[in-house]
Amino acid sequence: MVFDAKKRLTLSAGVAAGLAALLEGCSSTPSAPAPAAGATPAPRPADAGAARPLPAPAPADPHTPPPAPREFRAAWVSTVANIDWPSRSNLSTAKQQAEAVAILDRARALNLNAIVLQVRPSADAIYPSELEPWSEFLTGQQGRPPAQPWDPLQFWIEQAHARGLELHAWFNPYRARHATAKTPLAANHIGRKLPEVVKPYGRYLWMDPGEAAASQHTLNVVLDVVRRYDIDGVHIDDYFYPYPIDTPNAAGPEGVALDGGVGARQELEFPDQISWQRYLLGGGTLDRAHWRRQNVNALIEAMYLGIRKEKSWVRFGISPFGIGRPDRRPAGIIGFSQYDKLYADAELWLANGWLDYLAPQLYWPVAQAPQAFDVLLDYWLAQNTQARHVWPGLYTSRIDNSIKSFAPEEIVKQIGVTRSRNGVRGHLHFSIAALMENRKGITDQLRTLAYQTAALTPPTPWLGSDAPAAPQAAARRESNGVALKLSAGAGKPVAHYAIWSRYGNEWRFAVAPASRPVLLLADDAAGGAAQVVVVSAVDRLGNESERIHVYTRSG
């Protein structure tokens, strides 16, 4: 996504990290979520430092818990070029499943609440599809099914939901073949079925956005997944028209400087002359740049409306390049123009409400003035006139051994910046690899300085605001804690249960998936036994029911 595999090496000079969101703190001393039955209580968190959530006022009534923490916390999982999963192509089913489970377990342990899984790297699929071939990044050869029949996307969804995690399906809208691909196009690939709408561009194949058949194919693919799978969101990345590359005779590597000026260079023109001439001959009056933007706009609008029609609760998110159009940028901000080069008018999509969340890739440090993280964040908030979610992307994978590596503290600082802004209540990490490897201790720092407690995702009221019925609950004292058994009330389905438990003067917060409604609020050495337990039901749009008291310790 963001910048994948070898392309990252040439496109991302100086690229750094993204953003986060405002927590409604659940206590003056946040704590880890309650463990499931039989689990060992998590250690108490260290001081929260720069990313400490805002403390909630101490409730006057010891039986009334504070508001639920709300923050979208996600990580991208790239399948293209085997960046994140699977670790290499053609692994056994058991190994691929084990790697997926390890990622989901890490996300759960870190108190993330969503995974954005790349299901369509380049006009291919990591799930059985009648529209596109199996991805070679999964099976080793495009079009070849797994040796042991299974549905990887269904597995990811079931395992994510069992851990209380949302699963957003991530599609690349126009890329038809990645530079790292090694096997031939399958017979049912769009490059074989409709070769006239697929164009070579450098070492890539690209669907021409000016060809109606190409855009319709992408729309069909997305809506097919929405219909067939219980996903929580559809997500598309920053690849619309391709990032420009140099002509073969130009000096330097294939790529473009994204932070700062481009300088003198000869860009390879995208080969859409046929579709452009057809537009002109049909009476089109837009210039070529505006026509290209209109091609992309039409797909964005159709995708948003199509998703709404199929399943009103499935959110649509876009993660564009993080610098806005040149004529609107704050003073001092310079760099690559997606508006002029990718023909992505992200400001228009926000203004028209054609998305449910925008995740601008703010991949630069706070102190890098020409692309300052906080200034860019404020820019996108100012464009958000329809009050959609703004959940920026953090370049957590820039914590590496490169010359422009981030220190882990940069990511923690950026989360702190986002939590200081009204209108920002979430962020995404690119990518899960840095969190799996705990690069330079980033996972440890996030766990102790940013994610001390679980969080619900923010509600999305424009898609629906009716609250579910209060849950039904049974609680009893066990030798090592309070056992809870929860069930949904009548009416709309429930996705999660929000659980508050008071230990002494401290309220602790946990989230339990509706699919696993039996859990234990364990005693611990610091807080002793839970004295009060309060529960509510939460639907998949984040709407919360009335809270009910399910346990009060006697004596």
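Residues numbered from 1 in each chain as written. Predicted model: local features only at pLDDT ≥ 70, side-chain atom pairs only at ≥ 80, totals over all residues. Heavy atoms only, no water.

Caption draft 1: The overall build of the chain, seen in detail. Helix and strand counts for the chain stand at 14 helices and 19 strands. Expressed as a percentage of contacts within the chain between residues at least 6 apart in sequence, the contacts between residues at least 24 apart total 75%. For the chain, the exposed area adds up to about 20,200 Å²; of that, 53% sits on carbon and sulfur atoms. (Helix = DSSP H or I, 4+ residues; strand = E, 2+ residues; numbered from the N terminus. Contact = heavy atoms within 4.5 Å. Areas by Shrake-Rupley, 256 points an atom, 1.4 Å probe, with all protein chains shown as cover.)

Caption draft 2: The arrangement of the packing of aromatic side chains in detail. The final tally for this structure, using the stated rule, is 26 aromatic pairs. Taken together, the aromatic side chains of Tyr204, Trp206, Tyr239, Tyr243, Phe321, Phe336 and Trp364 make up a single cluster linked through ring pairs. Geometry around Tyr239 places Arg175 over its ring, the cationic atom sitting 5.2 Å from the centre. The ring of Tyr339 carries the charged tip of Arg325 above its face, separated from the ring centre by 4.2 Å. (Phe/Tyr/Trp six-rings, centres within 6.5 Å; stacked < 30°, edge-to-face > 60°. Lys NZ or Arg CZ within 6 Å of the ring centre and 35° of its normal.)

Caption draft 3: Layout of empty space enclosed by the protein. As enumerated under the stated definition, the model contains 2 cavities of 30 Å³ or more in all. In this model, the largest cavity occupies a volume close to 140 Å³. Around the largest cavity, the lining comprises 16 residues; the ones closest to its centre are Asn113, Gly164, Ala455, His496 and Val511. Each pocket or cavity is described by its volume, and for the second largest cavity that value is around 40 Å³. Taken together, Ser122, Asp124, Glu136, Phe137, Gln142, Ala176, Arg177, His178 and Ala181 make up the full set of residues lining the second largest cavity. Secondary-structure elements contributing two or more residues to the lining of the second largest cavity are helix H3 (136-139) and strand S4 (175-177). (1 Å grid on protein atoms, 1.4 Å probe; cavity = no way out; pocket = protein on both sides within 12 Å on 5 of 7 lines; lining within 4 Å. Points joined across faces, edges and corners; volume = space filled by probe spheres on them.)

Caption draft 4: Here's a closer look at the sheet that holds strand S18 (residues 532-538). Pairing within the open sheet is antiparallel, and its 4 strands lie in the order S16-S15-S18-S19. Sheet topology places strand S16 (506-513) and strand S19 (548-552) at the edges, where each strand pairs with a single neighbour. Between one strand and the next, the sheet's axes are offset by a mean angle of 25°, whatever the strand orientation. Two elements, strand S15 (residues 496-503) and S18, share 7 bridges in a ladder whose sense is antiparallel. Looking at S18, one finds that Trp500 is bridged to Val534. (Pairing = 2+ DSSP bridges. Axes fitted to C-alpha atoms, helices over the stretch in contact; angles between N-to-C directions.)

Caption draft 5: Inspection of the layout of surface pockets at higher detail. Its boundaries defined by the atoms lining it, the second largest pocket holds a volume of some 370 Å³. In terms of lining, the second largest pocket is formed by 20 residues, of which the most central are Pro493, Val494, Ala495, Asp539 and Arg540. Residues of the lining of the second largest pocket, tallied by class, amount to 9 nonpolar, 5 polar and 6 charged. (Nonpolar A, V, L, I, M, F, W, Y, C, P; charged D, E, K, R; others polar.)

Caption draft 6: Up close: the nonpolar core. By size, the foremost hydrophobic cluster in this structure holds 108 residues, and its most contacted members are Tyr127, Trp156, Phe171, Ile231, Phe316, Trp349 and Leu446. If you look at the next biggest cluster of nonpolar residues, it comprises 17 residues, including Tyr503, Ala512, Leu521 and Ala530. (Core = buried A, V, L, I, M, F, W, Y, C linked by side-chain atoms within 4.5 Å. Buried < 20%, exposed > 50% of the residue type's maximum accessible area, 1.4 Å probe, protein only.)

Caption draft 7: Focus on the pattern of salt bridges. In the structure shown here, the tally under the stated rule is 27 salt bridges. In this structure, the salt-bridge partner of Arg315 is Glu166, at a minimum N-O distance of 2.9 Å. Placement of the pair is Arg315 in strand S8 (residues 315-318) and Glu166 in strand S3 (residues 166-171), with a sequence separation of 149 residues. What makes Glu166 buried here is its relative accessible area of 4%. Glu310 serves as the salt-bridge partner of Arg227, at 3.1 Å between the closest nitrogen and oxygen. Of the two residues, Arg227 sits in helix H6 (residues 212-228) while Glu310 sits in helix H8 (residues 288-310), which places them 83 residues apart along the sequence. Each of Glu269, Asp272, Arg288 and Arg292 takes part in one network of salt bridges that share partners. (Salt bridge = Lys/Arg side-chain N within 4 Å of Asp/Glu carboxyl O.)

Caption draft 8: Inspection of the confidence of the model for the chain at higher detail. A residue-level look at the chain finds 86% of positions with pLDDT of 70 or above and a mean pLDDT of 89. Between residues 1-49, whose pLDDT stays under 50, and residues either more than four places distant or in other chains, the model counts 210 contacts. Contacts of residues 250-255 to residues separated by more than four positions or lying in other chains number 15 contacts, the stretch itself having pLDDT below 50. (pLDDT = per-residue confidence, 0-100.)

Caption draft 9: Highlighting H6. The end-to-end C-alpha distance of H6, which contains 17 residues, comes to 24 Å, matching closely the 24 Å that a straight helix rising 1.5 Å per residue would cover. Among all positions of H6, only Ala214, Ser215, His217, Thr218, Leu219, Val221, Val222, Leu223, Asp224, Val225 and Val226 are buried. (Expected span 1.5 Å × (residues − 1).)

Caption draft 10: Molecular detail of the pairing of strand S13 (residues 472-478). Examined bridge by bridge, S13 and strand S14 (residues 481-487) share 7 bridges and lie antiparallel to one another. Each residue of the ladder has a partner; that of Arg476, found in S14, is Ala483. Hairpin connection of S13 to S14: 2 residues between the antiparallel strands.

Caption draft 11: Layout of the pairing of strand S5 (residues 198-201). Pairing of S5 with strand S6 (residues 204-207), which is carried by 4 bridges, proceeds in the antiparallel orientation. Across the sheet, Lys199 pairs through a bridge with Trp206, a residue of S6. Hairpin connection from S5 to S6: 2 residues lie between these consecutive antiparallel strands, with Gly202 at a positive phi of about 60°.

Caption draft 12: Structural view of the side chain of Arg315. Using a relative accessible area of 1% as the deciding quantity, one classes Arg315 as buried. Separated by 2.9 Å, the side chains of Arg315 and Glu166 make a polar contact. (Polar contact = N/O pair within 3.5 Å; in protein donor to acceptor, adjacent residues only side chain to side chain.)

Caption draft 13: Representation of the sheet that holds strand S10 (residues 389-390). If you trace the 9 strands from one edge of the open sheet to the other, you get S10-S9-S8-S7-S3-S2-S1-S12-S11, paired in parallel fashion. Because the sheet does not close on itself, it has two edges, and the strands there are S10 and strand S11 (393-394). Pairing of strand S7 (residues 233-236) with S8, which is carried by 4 bridges, proceeds in the parallel orientation. If you follow Val234 over to S8, its bridge partner there is Phe316. In the packing of H8 onto the sheet, contacts are made with S7 and S8, and the angle to S8 comes to roughly 155°.

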